[in-house]
Amino acid sequence: MEDKKSLRAPVSQKPHVIPKPEHPEYLGGSITVEINEKKLTVPFGTTILEACRQAQIHIPTLCHHEDLCVAGVCRVCVVEVEGMRTLQASCAFPITAPIKIKTTSNAVRKARKHIIDLLISEHYGECYSCFRNNNCELQSLAKEYGVDHYNFGHVTQPRYEVDNSSYSVVRDMDKCVLCKRCVRTCIDLQEVGVLEAINRGHNTHIGTFLDKPLAEVICINCGQCINRCPTGALRANDPRDEIWNAIDDPTKHVVIQTAPSPRAAIGEEFGQGPGKSFTGELNTALRRIGFDKAFDTNFAADLTIIEEGTELILRLYKALVKKEKVALPQFTSCSPGWVKYLEHFYPEYIDNLSSAKSPQQMFGALIKTFYAQKTGIDPANIVSVALMPCSAKKFECNRPEMNSSGYKDVDYGLTTRELAQMIKEAGIFLPEMPQSHFDDPFGEASGAGLIFGATGGVMEAALRSVIEFVTGKRVEDVYANADITPVRGFEGIRYAEIPIAEVGSVPKLLQHLIPDWNWLKGATLKIAVAHGTANAKKVMEDIKAGGKFSECHFIEFMACPGGCLGGGGQPIPTNEQIRKKRAEAIYNEDKSLPVRKSHENRHVSELYEMFLTDGPCGHNSHKLLHTHYVKRGKYIA
Amino acid sequence: MLVVEKNALSEEIESYVEKYGNDRSALLMILHEIQKKHRHISEFAQQEVARLLNIHPVEVYSVISFFAFLNTNPKGRNLVRICQTISCDMKGKKQVVEAIERELGIKIGETTKDNKFTVEYANCLGLCDMGPAMAINDQVFVNLTPEKAVELLAKVK
């Protein structure tokens, strides 16, 4: 795509990106500007907004977001630049000359107040009935600039219908202020391309292709737009009422499984800084709310690793020894957003997707079969809730094929934000809760399951098991502390090669599938990790073109930037710094756990001994733990 | 839509892409060509353009919805656009519109049953000194009176 010159083009179509120099002063390209009569030297091309932030001067923003490209549409960040006739949007003004800037003059204050007032004049809805109350950027701006009067009128009647067709994302365009953050998220950041500005001028609204409901277009339900919306125009489809009803119903046995990422982020909803896990506190809070059991999704993540790892080994065995034609590389299938992305955009590759279900759905199937049998509870009376950092999980649990237990495997997907709301409704302040453990029979999970929450985590967890299975050596002897650092980090696409120099004996779990490992001796395992669908797209295009990723054996894809910890159900705001903090919290918790490898989880081994007796990828596990996918395509009829 | 029709449309759009290039800046020219030939840009055509230019269908739709001269639903064979801005209004646009509506039996924004005419408002045609003005297809007529407007419509095939 070398001829794509437009700056507005999505990331993957841009010719190349010049990284910002880390030490610009060495390059000599710096300029001294005067901000509010104070001198400041900044690198050439820094925007006024960045310069002001360096100088600790607060500039209000609305359409600006760290993850997204510059838009300059809301004008809230205007400043006065000496010698220019009009006020300038500081987020979109690169400094190329020694200018003088005023950020607090009367003209600026007045303009900002009017701009916010104008934004509100088109914003319908009452703050106290909005889920973003007290966490709304428009509301805080109005407060900050003392907008106490509708000088330009106010919408008193709804103009749009709320689009709640999707299981995951609800759109209420009456609250939209046209900042286009969702558009930039969908087109530039995720490259899915569902939302765009429709019509012109005063009639503009954000819409989908032909203004179809969200459920009928190619939305992958990643919910990144929700996390970036400054108002309440986008939200997740909220199942709180149904869950409260189930909790209040004495005939229902309500269980909840909690994913790793929400624990590392839920504190943010209670005013705690990012980067602290509240696992123990959350368990107590869940029981106090009225959930009968609190389970750990990481247990199912361990199971996923065994199933998905076995599937990979079988695929390699078929390809290398039996010379059969199998789809390689194998793609992970844990991220429902990614799965739907592939179904829409690369349906010809769905055979490459691991048939193993995501941890959420595996657990759902087990709760209504294994757990129901063990405890003697009628599965019809079990209500299974999944706490996920994700809006796409809501769609996933509603997929028609997800009923292998005979019932709907997971009844409700609940996001971190919604659970925080439930905890608040129950009058609980989470950080002050005493700590408690997860419930049995799935009480123990490994650190490998935990790190699923960060990008590269599934790969690392799988490698910890596969390396031990194949080489017979301890991972700690290969990678210090069992931290497989090549797959960690936040780089969009990561690639690693793992040479298999020697092989050990086949572990008991796999003996009925593979006779020995000799066929892997001297081989090199090629793996890759991609997060955010824009990066996934790059990898897929490379595979299509027969590049280096087509030679990979196993690729982890996550739909959201940063993996699950940056998911669409996580607390708002989410940005690069917060994602890093959450990842730290997850990796620290992993370090503190006694069991850090999926195959060492004794509950998983028990499950294979007692319930899934024909082993990983056997008949029973295929029935309960594996699924199939739909070729959706991207054409909308 | 029949497969044959779809294939023909795809081929047609491919020829436009060949002519104007597959850069996203070629979008408007391609849309104009489709509009000219089919009098509308169908759902399928939009998605084909998106595929060939490697952009998202919603971006194509966004552009179409922005421009008044592009539309997604079929219109009549002849497009009548009446200037609705202030100078034409002051020179008697209202009477002209009423005469046209009466003559064709439709309201502004509608299409006649025989698919011959679609009447709509246009913003300033740039002929404020000669108002009221209207455009029938690509041709502009000025200094209209109700009678003159009806006469002009009668001449259109």
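About the cut-offs
- Residues numbered from 1 in each chain as written.
- Chains lettered and ligands numbered in written order.
- Predicted model: local features only at pLDDT ≥ 70, side-chain atom pairs only at ≥ 80, totals over all residues.
- Heavy atoms only, no water.
- Helix = DSSP H or I, 4+ residues; strand = E, 2+ residues; numbered from the N terminus.
- Buried < 20%, exposed > 50% of the residue type's maximum accessible area, 1.4 Å probe, protein only.
- Contact = heavy atoms within 4.5 Å.
- Areas by Shrake-Rupley, 256 points an atom, 1.4 Å probe, with all protein chains shown as cover.
- Rg over C-alpha atoms; globule rule 2.2 N^0.38 Å.
- Lys, Arg positive; Asp, Glu negative; His and termini not counted.
- Charge placed at Lys NZ, Arg CZ, Asp CG, Glu CD.
- Axes fitted to C-alpha atoms, helices over the stretch in contact; angles between N-to-C directions.
- Parallel < 35°, antiparallel > 145°, perpendicular 65-115°, else oblique.
- Left-handed = near helix turned anticlockwise from the far one by under 90°.
- Nonpolar A, V, L, I, M, F, W, Y, C, P; charged D, E, K, R; others polar.
- Phe/Tyr/Trp six-rings, centres within 6.5 Å; stacked < 30°, edge-to-face > 60°.
- Lys NZ or Arg CZ within 6 Å of the ring centre and 35° of its normal.
- Pairing = 2+ DSSP bridges.
- Buried area = accessible area lost by both parts, 1.4 Å probe.
- Salt bridge = Lys/Arg side-chain N within 4 Å of Asp/Glu carboxyl O.
- Polar contact = N/O pair within 3.5 Å; in protein donor to acceptor, adjacent residues only side chain to side chain.
- Right-handed = clockwise from strand over helix to strand, strands pointing away.
- Patch = residues over 30% accessible without salt bridge, like charges linked within 9 Å, V, L, I, M, F, W, Y side chains within 5 Å.
- Disulfide = S-S within 2.5 Å.
- Domains from an automatic or database assignment.

Student: What is the right way to read the overall build of chain B from this model?
Tutor: Scanning chain B from N- to C-terminus turns up seven helices and four strands. Start at the N end of chain B and walk to the C end: the helices and strands fall as α-α-α-α-β-α-α-β-β-β-α. Principal axes of the C-alpha set define a box for chain B whose edges measure 50 × 30 × 25 Å. The buried share among the 157 residues of chain B stands at 48%. Restricting to contacts in chain B with at least 6 residues of sequence separation, those with at least 24 account for 60%. Element-wise, carbon and sulfur atoms account for 53% of the exposed surface of chain B, whose accessible area totals about 8400 Å².

Student: Please explain the overall build of chain A as it appears in this structure.
Tutor: Scanning chain A from N- to C-terminus turns up 21 helices and 17 strands. A globule of 637 residues ought to have a C-alpha radius of gyration of about 26 Å, and chain A, at 26 Å, matches this closely. By principal-axis analysis of the C-alpha atoms, chain A measures approximately 80 × 60 × 50 Å. Across chain A, the fraction of contacts at a sequence separation of at least 24, relative to all contacts at a separation of at least 6, is 76%. A total of about 26000 Å² of accessible surface is found on chain A, and carbon and sulfur atoms cover 51% of it. Computed over 74 positive and 76 negative side-chain charges, the separation of the two mean positions in chain A equals 4 Å.

Student: What am I meant to see in the packing of helix 2 (residues 27-38) of chain B against helix 4 (residues 57-66) of chain B here?
Tutor: The description of two packed helices rests on the angle between their axes and on the distance between the axes. All names here are of chain B. The contact between helix 2 and helix 4 brings their axes to 11 Å, and the two run at 70 degrees. Regarding the angle of helix 2 to helix 4, the classification is roughly perpendicular. In this structure, helix 2 meets helix 4 at a crossing whose hand is right-handed. Along the contact surface, helix 2 presents L27, L28 and L31, while helix 4 presents V60, V63 and I64. Tallied by class, the residues present in the contact of helix 2 with helix 4 amount to six nonpolar, no polar and no charged.

Student: How do you make sense of the packing of aromatic side chains when you look at a structure like this?
Tutor: We describe a pair of aromatic rings using the distance from one ring centre to the other and the angle between the two ring planes. All names here are of chain A. Scanning all chains against the criterion turns up 23 aromatic pairs over all chains. Within the aromatic cluster, the residues linked to one another by ring pairs are F295, F299, F363, F370, Y371, F442 and F611. Lying over the aromatic face of F270, K424 brings its terminal NZ or CZ to 5.4 Å of the ring centre.

Student: I tried to follow the sheet that holds strand 4 (residues 139-141) of chain B on my own but got confused; where do I start?
Tutor: Backbone-to-backbone hydrogen bonds pair the strands of a sheet. The strands run either parallel or antiparallel. Residue and element names in this part refer to chain B. Across the sheet, which stays open at both edges, the four strands sit in the order 2-1-3-4 with mixed pairing between neighbours. Looking at which strands have only one partner, the edges of the open sheet turn out to be strand 2 (117-122) and strand 4. Within the sheet, the average angular offset between the axes of one strand and its neighbour, ignoring direction, is 25 degrees. The pairing of strand 3 (residues 134-136) with strand 4 spans three bridges and is antiparallel. Paired with M134 across the bridge in strand 4 is F141. Lying on the sheet, helix 6 (residues 93-104) is in contact with strand 1 (78-83), strand 2 and strand 3; it crosses strand 2 at an angle near 165 degrees. Against the sheet, helix 7 (residues 146-155) engages strand 1, strand 2, strand 3 and strand 4, with an angle of about 10 degrees to strand 3.

Student: Whenever I open this one, the interface of chain B and chain A confuses me. Can you help?
Tutor: Bring the parts together and some accessible area is lost; that lost area is often taken as the interface size. Each partner contributes to the interface: chain B provides 21 residues, whereas chain A provides 30 residues. Its largest share of buried area at the contact with chain A, chain B owes to R24, H56 and V58 of chain B, together 28% of the area lost on that side. In this structure, the connection of chain B to chain A is made through one salt bridge. With a shortest N-O distance of 3.9 Å, E43 of chain B and K212 of chain A are connected by a salt bridge. At the boundary of chain B and chain A, one finds seven residue pairs in polar contact (both at pLDDT 80 or more). Of all the elements in the fold, those that place two or more residues in the side of chain B that touches chain A are helix 3 (43-53) and helix 4 of chain B. Among the residues making up the side of chain B that touches chain A, the classes are represented as seven nonpolar, eight polar and six charged.

Student: How should the pairing of strand 13 (residues 382-388) of chain A be read in this particular structure?
Tutor: Two faces belong to every sheet, and in a regular strand the side chains alternate between them. Residue and element names in this part refer to chain A. Most of strand 13 sits inside the fold, with seven of its seven residues counted as buried. Of the two faces of strand 13, the one lined by I382, S384, A386 and M388 and the one lined by V383, V385 and L387 are each fully buried. Bridge count for strand 10 (residues 253-258) against strand 13 is six bridges, and the pairing is parallel. If you follow T258 over to strand 13, its bridge partner there is L387. Taken together, strand 13, helix 13 (residues 392-397) and strand 14 (residues 412-415) form a β-α-β motif whose crossover is right-handed.

Student: I keep staring at a nonpolar patch on the surface and nothing clicks. Help me out?
Tutor: Residues and elements named next belong to chain B. A cluster of nonpolar side chains, L28, F66 and F67, forms an exposed patch at the surface whose accessible area comes to about 230 Å². Within the secondary structure, F67 is located in the loop between helix 4 and strand 1. Judged by relative accessible area, which is 33%, F67 ranks as partly exposed.

Student: Looking at this model, I keep getting lost on the state of the cysteines. Mind explaining?
Tutor: Chemically, a disulfide is nothing more than a covalent bond linking the sulfur atoms of two cysteines. Residues and elements named next belong to chain A. Going through the model one piece at a time under the given rule, you end up with zero disulfides over all chains. A disulfide-free cysteine, C127 has its sulfur positioned 6.2 Å from the sulfur of C136, the nearest such atom. No disulfide involves C179; its sulfur sits 6.2 Å from that of C229, the nearest cysteine. Judged by its relative accessible area of 6%, C179 is buried.

Student: Any chance you could explain the environment of P486 of chain A here in plain terms?
Tutor: Residues and elements named next belong to chain A. Tracing the chain through its elements places P486 in the loop between helix 17 (475-478) and strand 15 (493-499). P486 sits in the partly exposed class, given a relative accessible area of 39%. Considered as a pair, P486 and V529 are 43 residues apart in the sequence and their alpha carbons are 10.0 Å apart.

Student: Is there a simple way to explain the domain arrangement of chain A in this structure?
Tutor: Residue and element names in this part refer to chain A. On domain assignment, one finds that chain A holds domain 1 (255-299 + 360-432) and domain 2 (309-356 + 445-625). The gap between the C-alpha centroids of domain 1 and domain 2 is 23 Å. Domain 1 puts 35 residues into the contact, and the matching count from domain 2 is 36 residues. Here domain 1 meets domain 2 over a buried area of about 2800 Å², counting both sides, of which 65% is carbon and sulfur. Between the two partners, domain 1 and domain 2, sit two salt bridges. Here R582 ties to E268 by a salt bridge, and the two come within 2.6 Å at their closest N and O atoms. Across the contact surface, domain 1 and domain 2 share 15 residue pairs in polar contact (both at pLDDT 80 or more). The set of elements that each furnish at least two residues to the side of domain 1 that touches domain 2 consists of helix 8 (260-265), helix 10 (297-320), helix 12 (359-375), helix 13 and helix 14 (416-425). In terms of residue count, helix 12 provides more of the side of domain 1 that touches domain 2 than any other element does, seven residues in total.

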